[in-house]
Amino acid sequence: MRWVMVGMAFLATVLNYVHRLSFNYLSADGDLRKLIPDDVFGYLGTAFFIAYMLSNVFSGYVIDRLGTKLGYSLCMGFWTTAGLVHAFARTPWQFGICRFFLGIGEAGNWPAGLKLTSEWFPPHERSTASGVFNSGSALGAIIVPPLVAYMGLRYGWRSTFVILAVFGYIWVIAFRLIYYTPKGAGTVPVVKKRAIPIMKLLATRFVSTFILAKIFLEPVWYFVTFWLGRYLVDVHHWDLKKIGWFAILPFIIADIGNIAGGYFTQFIIRRGMPIPRARKLAVGLSGLIMGVSLLSGPFLISTPVSALIIFGIAGFGYTSYTANCLAFPSDVVPKNSAASAWGLACIGNGLGGAVFQSLSGVTLKSVSAVHGYTSAYNILFIGFGISALIGVGILLFGMGPLIKDEALQRYADGECAIAAPGL
């Protein structure tokens, strides 16, 4: 059953990315492109990530308090409804509101998935399980180009948003019917653990450094997923139909990183490397793959296919990094606060996404007007490559050892609410 449960988290992550990216491809060409120019597209991305950042402050804490079943269901229902409302938007401001509420809901997917894996998997298998459910992000990105191209050309962009929402509501019903917390995961504990307050988590070196690193690392993936469609239109003059056929390539490559990154860590742990060192080694290699591939982009890209491969290698590095980072909170903080710690760390996702999306849009509009789109995107390749290297450097040298925080554990153990019989 544990693989069924992580499979539900995988499907949720697929739908998360389908809802997130459908607008990006629908607005890359056609009627929506006329309404959403580059700078406006960047600002809409900023609206999404500001909401994502705000939601991460409380989403993990709420999920820890509500439990996986109710918390995950509420997240999916909220972001699915926000995706549905896109069908009725008519102006950039209205789309901005839709993107904002989509970000509020979607941020909860990773704290909820992390909590699910911490309930169903032992520590040495969590990076693999996390890689499985997080691979839904890459599979969702694979599905979106052909799916949205077909639906958008056949039914129109408004109907596309409606149809996609139906799948989200089906997931909510199925998850409510089948999910349960396994025995031994703490539903009726001998000692009830105290939840770690948000400010106490933020004050730790682990969470504060994690936030800072994510500000620089996460925008790499957002560059790949948010701007790929426009890049293919602007630089290589592809239309939506052609994008639908070929834009899946980088995400197929990226999807391999989820499994390879998690399995690599599990492999070197079995070979005798301590878990904290194994996690950092895997993250360091992943960050180098991200940074070096993007920095080499302006010098190696000569055809659309070579561009797709560069995007894919960067995505591979990112997903490999994420498969390992998802296990960090369970390694360091008490299990009942793991989702809270991840949610707070993902403030960095929202902050980095908000800043870099706006900068990307403004850069493309201003530089392309003078030097053309190829030069404008080359600046982005170099900028995001440097950003990846900065982020992984912060993780490796600023976070400290990935071992249980004894102060947090003592706090969590400090209130014995339920005593076992005979004690």
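Anything mentioned here points back to the structure above.
Quick summary incoming for the structure in this document. Everything quoted here is computed from the prediction, not taken from an experiment.

Notes on the overall build of the protein chain
Counting secondary structure elements, the protein chain contains 19 helices and zero strands. For 423 residues, the compact-globule formula gives about 22 Å, and the C-alpha radius of gyration of the protein chain, at 21 Å, lands near that figure. Taken along the three principal axes of its C-alpha coordinates, the protein chain extends 75 × 40 × 35 Å. By the burial criterion, 59% of the 423 residues in the protein chain qualify as buried.

Quick look at the packing of aromatic side chains
For the structure shown, the criterion picks out 39 aromatic pairs. When the ring of Phe48 is compared with that of Phe226, the centres are 6.1 Å apart and the planes differ by 55°; the resulting orientation is tilted. Taken together, the residues Phe48 in helix H3 (residues 38-66) and Phe226 in helix H10 (residues 205-236) connect sequence positions 178 residues apart. The pair formed by Phe48 and Phe226 is uniform in burial state, with each residue classed as buried. Taken together, a centroid distance of 5.4 Å and an interplanar angle of 40° make the contact between Phe49 and Phe226 tilted. Here Phe49 is found in helix H3, whereas its partner Phe226 is found in helix H10, with 177 residues between them in sequence. Accessibility classification places Phe49 together with Phe226 in one group, the buried group. Within the aromatic cluster, the residues linked to one another by ring pairs are Phe223, Tyr231, Phe311, Phe356, Tyr373, Tyr377, Phe381 and Phe384. Positioned above the aromatic ring of Phe41 is the side chain of Arg230, whose terminal nitrogen or guanidinium carbon lies 4.2 Å from the ring centre.

Quick notes on the packing of helix H12 (residues 249-270) against helix H13 (residues 275-300)
One way to put it is that H12 packs onto H13 with a least axis distance of 9 Å and a crossing angle of 145°. Seen along the crossing, H12 lies across H13 with a hand that is right-handed. Where H12 approaches H13, its residues Phe264, Thr265, Ile268 and Ile269 are matched on the opposing element by Ile275, Ala278, Arg279, Leu281, Ala282 and Leu285. A per-class count over the contact of H12 with H13 returns eight nonpolar, one polar and one charged.

Remarks on helix H5 (residues 92-106)
Here H5 contains 15 residues, and its C-alpha end-to-end distance of 21 Å stays within 8% of the 21 Å for a straight helix at 1.5 Å per residue. Of all the positions in H5, only Phe95, Gly96, Cys98, Arg99, Leu102, Gly103, Ile104, Gly105 and Glu106 are classed as buried.

A closer look at helix H17 (residues 347-371)
Here H17 is 25 residues long and its end C-alpha atoms lie 35 Å apart, about the 36 Å a rise of 1.5 Å per residue gives. A positive backbone phi angle near 95° is found at Gly372, which sits one or two residues after H17.

With respect to unusual backbone geometry
For His237, which is not glycine, the phi torsion reads 60° and is therefore positive. Among the structural elements, His237 can be located in the loop between H10 and helix H11 (240-246). For His237, a relative accessible area of 65% corresponds to the exposed category.

Focus: the packing of H10 against H12
A pair of packed helices is captured by two measures, namely the crossing angle of their axes and the spacing between those axes. Relative orientation of the contacting elements H10 and H12 amounts to 155°, with a least axis distance of 11 Å. In this view, H10 runs roughly antiparallel relative to H12, as classed from their interaxial angle. Two packed elements cross with a definite hand, and for H10 against H12 that hand is left-handed. Residue-level inspection shows Trp221, Val224, Thr225 and Leu228 of H10 in contact with H12, the latter providing Pro250, Phe251 and Ala254.

Considerations on the environment of Ala141
Relative to the helices and strands, Ala141 is located in helix H7 (residues 126-155). C-alpha separation for the pair Ala141 and Pro250, spaced 109 residues apart in sequence, amounts to 9.1 Å. With sequence-adjacent residues up to four places away left out, Ala141 is seen in contact with Tyr17, Leu21 and Phe251.

So, a nonpolar patch on the surface
There is a patch of nonpolar side chains on the surface, built from Met1, Val4, Ile173, Leu177, Ile178 and Tyr180 and spanning about 600 Å² of accessible area. Tallying contributions element by element places helix H8 (residues 157-178) first for the nonpolar patch, with three residues. Within the secondary structure layout, Val4 lies in helix H1 (residues 2-26).

Notes on the environment of Gly414
Locating Gly414 in the fold gives a position in the segment after helix H19 (406-412). Take Gly414: its relative accessible area is 51%, and that puts it in the exposed class. For the pair formed by Gly414 and Arg194, sequence separation is 220 residues and the distance between their alpha carbons is 7.1 Å.

So, the pattern of salt bridges
A side chain with one charge may pair with a side chain of the opposite charge, provided their charged atoms come close. Applying the stated criterion across every chain yields a total of nine salt bridges. Linking Glu106 and Arg20 is a salt bridge whose minimum nitrogen-to-oxygen distance equals 2.9 Å. Residue Glu106 is found in helix H5, and its partner Arg20 is found in helix H1; the two are separated by 86 residues along the sequence. Across the pair, exposure class does not vary: Glu106 and Arg20 are buried alike. In this structure, the salt-bridge partner of Lys214 is Glu218, at a minimum N-O distance of 3.0 Å. One end of the pair, Lys214, and the other, Glu218, are both in helix H10, four residues apart, so they sit about a helical turn from each other. The exposure class of Lys214 is buried, given its relative accessible area of 1%. Residue class for Glu218 comes out buried when judged on its relative accessible area of 1%. Residues joined in a network through salt bridges with shared partners are Arg33, Asp38, Arg230 and Asp234.

Parameters at a glance
- Residues numbered from 1 in each chain as written.
- Predicted model: local features only at pLDDT ≥ 70, side-chain atom pairs only at ≥ 80, totals over all residues.
- Heavy atoms only, no water.
- Helix = DSSP H or I, 4+ residues; strand = E, 2+ residues; numbered from the N terminus.
- Rg over C-alpha atoms; globule rule 2.2 N^0.38 Å.
- Buried < 20%, exposed > 50% of the residue type's maximum accessible area, 1.4 Å probe, protein only.
- Phe/Tyr/Trp six-rings, centres within 6.5 Å; stacked < 30°, edge-to-face > 60°.
- Lys NZ or Arg CZ within 6 Å of the ring centre and 35° of its normal.
- Axes fitted to C-alpha atoms, helices over the stretch in contact; angles between N-to-C directions.
- Left-handed = near helix turned anticlockwise from the far one by under 90°.
- Contact = heavy atoms within 4.5 Å.
- Nonpolar A, V, L, I, M, F, W, Y, C, P; charged D, E, K, R; others polar.
- Expected span 1.5 Å × (residues − 1).
- Parallel < 35°, antiparallel > 145°, perpendicular 65-115°, else oblique.
- Patch = residues over 30% accessible without salt bridge, like charges linked within 9 Å, V, L, I, M, F, W, Y side chains within 5 Å.
- Areas by Shrake-Rupley, 256 points an atom, 1.4 Å probe, with all protein chains shown as cover.
- Salt bridge = Lys/Arg side-chain N within 4 Å of Asp/Glu carboxyl O.

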